[in-house]
Amino acid sequence: MTDHSLDPKDWDAFRAEAQALLDHCIDQMQNAGDRPWQHVPDGLEARYAIGQTAAQGGDVMARLRDDVLPYHAGNTHPKYWGWVQGTGLTTDVTAGMVTAVMNSNCGGRNHGANYMERAVIDWARQQMGMPDTASGVLVTGTSQATVIGFSAARMRALGADVRKVGQGAVRLTCYAGQGVHNATRKAIELLGIGSDNLRMVPLIDGCMDIAALRAMIAEDRAAGAVPFLVVGTAGSVDLGLFDDFNALADVVADEGLWLHVDGAFGAWTRLAAEPYRSLSDGIGRADSIALDFHKWMYVGYDCGLALLRNEDEHRAAFAARPAYLDGKDRGVASGDPWFCDYGIDLSRGNRALKVWMALETHGADAFGDAITFNCTLAKVMADEVRAHDQMVLGRDPVSNVCVFSARGDLDAAAQSVLNNRIAVELQEGGEAVFSTTIIDGVEMLRAAIVNHRSTEQDVREAVRAVARLAG
Ligand SMILES: *Cc1c(COP(=O)(O)O)cnc(C)c1O
């Protein structure tokens, strides 16, 4: 008899190997502070080359330990503040195990993971202050959630026929603050609206200038365009700034437009203490919000969420069931809703369990505390920067982002070169990870703190390391 099953021939051996690997993984998480990013060694790619037989695969568990686990992206380290990268949670390990064992396809049908996803979405909806007519879907991240929000917005502007006949010659226009995340531009391009029709509204003190926004909408209408969408930002990429969502909601109400909020990380200030919570006041008035669990809710990659205020509009933009996907009253193919009717994907993994595990294990309050503390750390970093004569802040931190230059006494070009060099040396030395961004023509060091492992001491040591290299 030939056995084609890919299950282990020796379950006891698999059990022992898996348990040893689990121990190793937990050790790595427990000692995350000793394991900064490191450059992969020469020849690693060749070591990953895939063979034909199990014999060529060799001792796969040993290869995981030696060739795979050490070469992580570094964002599990307590002094990692580059870009906006979540740190992960121990509950991801256990949730990942259960998720793998259940192997649920969450596109539809009637099984537990879909009920859990609805519970996670409903929790997030309440945090954001959206009404219970709202709906949502877990996605890869804010980039995909943005496409989902914009698709529904376009359908409201052009009617349901757009799915059949396309957009035709209508010139839709969309408005966002200068410096909006590239996810907005990508979504506008993908939907065939064209990035020339993404109008950049000037900012006043980090918020979209409301008078300028109204003027641009009027001007575009007069020129024959169809304004349809305003994109607010909760937590800007460069400086962690917030639009005034109540003011934007008033504009879209007057103008009959759709308000989308890019809340990738900043939406979670909803869980924080004051003064941070009120940064996102009014976010619940949006027609759609795109946000991430994998950034400032710390859960492992990937998990984002599209929330739409009106479930009917959400479904109208995506629902479609060919005969083979027909829902039934009973059996596996029963249950409603099916998440394939709320987004792009048909087959989808179970992203809900790791979020549910995190919240049920720690409680939502613990996340609020961690988020508030990250903002406190940005202020601590700013204080450290002020204490060094030659360092200058790009701007006083508003939320969790601190941007500074190591040597404000040099000219812009020299500062940029130096800040870049410091960022790279700290990364390569495993000391700390800052990314860089350009503020007023100077490339500066930027810390976006979405890290529940960071301490005040970490922040002080990192700024001291910057000072050492700047000297
Ligand atoms: C990260 C980010 C995005 C993109 O989100 P992904 O989850 O990476 O797709 C969009 N907007 C802002 C403000 C972000 O920080």
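Residues numbered from 1 in each chain as written. Predicted model: local features only at pLDDT ≥ 70, side-chain atom pairs only at ≥ 80, totals over all residues. Heavy atoms only, no water.

Participant: I would appreciate a short explanation of the nonpolar core in the present structure.
Facilitator: For soluble globular proteins, the rule of thumb is that nonpolar side chains tend to be buried together. Formed by 97 residues in total, the largest nonpolar core has its most connected members in Leu 213, Leu 229, Val 230, Trp 268, Phe 293 and Met 297. Ranked by the residues each element gives to this core, the list is headed by helix 7 (residues 142–158), at seven residues. Within the second largest apolar cluster, 27 residues are counted, among which are Ala 378, Cys 402, Leu 445 and Ala 470. (Core = buried A, V, L, I, M, F, W, Y, C linked by side-chain atoms within 4.5 Å. Buried < 20%, exposed > 50% of the residue type's maximum accessible area, 1.4 Å probe, protein only. Helix = DSSP H or I, 4+ residues; strand = E, 2+ residues; numbered from the N terminus.)

Participant: How should the pairing of strand 10 (residues 392–395) be read in this particular structure?
Facilitator: Both faces of the sheet carry side chains from a regular strand, because those side chains alternate between them. Note that strand 10 and strand 11 (residues 401–405) share three bridges and pair antiparallel. Its bridge partner lying in strand 11, Arg 395 is registered against Val 403. Count of turn residues in the strand 10/strand 11 antiparallel hairpin: five residues. (Pairing = 2+ DSSP bridges.)

Participant: It is not clear to me how the packing of helix 13 (residues 352–362) against helix 14 (residues 364–387) should be interpreted in this structure. Could you clarify?
Facilitator: Packed helices, taken two at a time, are described by the angle between their axes plus the distance between the axes. Here helix 13 crosses helix 14 at 90°, and the two axes come no closer than 6 Å. On the basis of their axis angle, the class for helix 13 and helix 14 is roughly perpendicular. Along its contact with helix 13, which presents Ala 358, Leu 359 and His 362, the element helix 14 presents Ala 364, Ala 366 and Phe 367. Residue composition of the contact of helix 13 with helix 14, grouped by class: five nonpolar, one polar and no charged. (Axes fitted to C-alpha atoms, helices over the stretch in contact; angles between N-to-C directions. Parallel < 35°, antiparallel > 145°, perpendicular 65-115°, else oblique. Contact = heavy atoms within 4.5 Å. Nonpolar A, V, L, I, M, F, W, Y, C, P; charged D, E, K, R; others polar.)

Participant: Would you take a moment to explain the sheet that holds strand 13 (residues 442–448) for this structure?
Facilitator: Sheet architecture is open: four strands sit in the order 10-11-13-12, paired in antiparallel fashion. Only two strands of the sheet have a single partner each, and these edge strands are strand 10 and strand 12 (435–439). Direction aside, neighbouring strands of the sheet carry axes that sit 45° apart on average. Relative to strand 13, strand 12 runs antiparallel, the two being bridged by five bridges.

Participant: Even after reading the chapter, I still don't get the sheet that holds strand 6 (residues 226–233), so can you show me in this structure?
Facilitator: Pairing between the strands of a sheet comes from backbone hydrogen bonds, and it takes one of two forms, parallel or antiparallel. Read from one edge to the other, the open sheet built from seven strands follows the order 1-9-8-7-6-2-3, with strand pairing classed as mixed. The two strands at the open ends of the sheet, each matched to only one other strand, are strand 1 (135–139) and strand 3 (198–201). Pairwise comparison of adjacent strand axes, ignoring direction, gives a mean angle of 20° for this sheet. Taken together, the three bridges between strand 7 (residues 258–262) and strand 8 (residues 288–292) define a ladder with parallel strand orientation. Residue Asp 262 lies in a different strand from strand 8, and its bridge partner there is Ala 290.

Participant: Would you explain the site of the ligand in this entry?
Facilitator: Lining the immediate environment of the ligand, one finds Gly 141, Thr 142, Ser 143, His 181, Gly 235, Asp 262, Ala 264, Phe 265, Asp 292, His 294 and Lys 295. One nitrogen or oxygen atom from the side chain of Ser 143 is found 2.6 Å from an oxygen atom belonging to the ligand. A distance of 2.6 Å separates a nitrogen atom of the ligand from a polar side-chain atom of Asp 262. (Near = heavy atom within 4 Å. Polar contact = N/O pair within 3.5 Å; in protein donor to acceptor, adjacent residues only side chain to side chain.)

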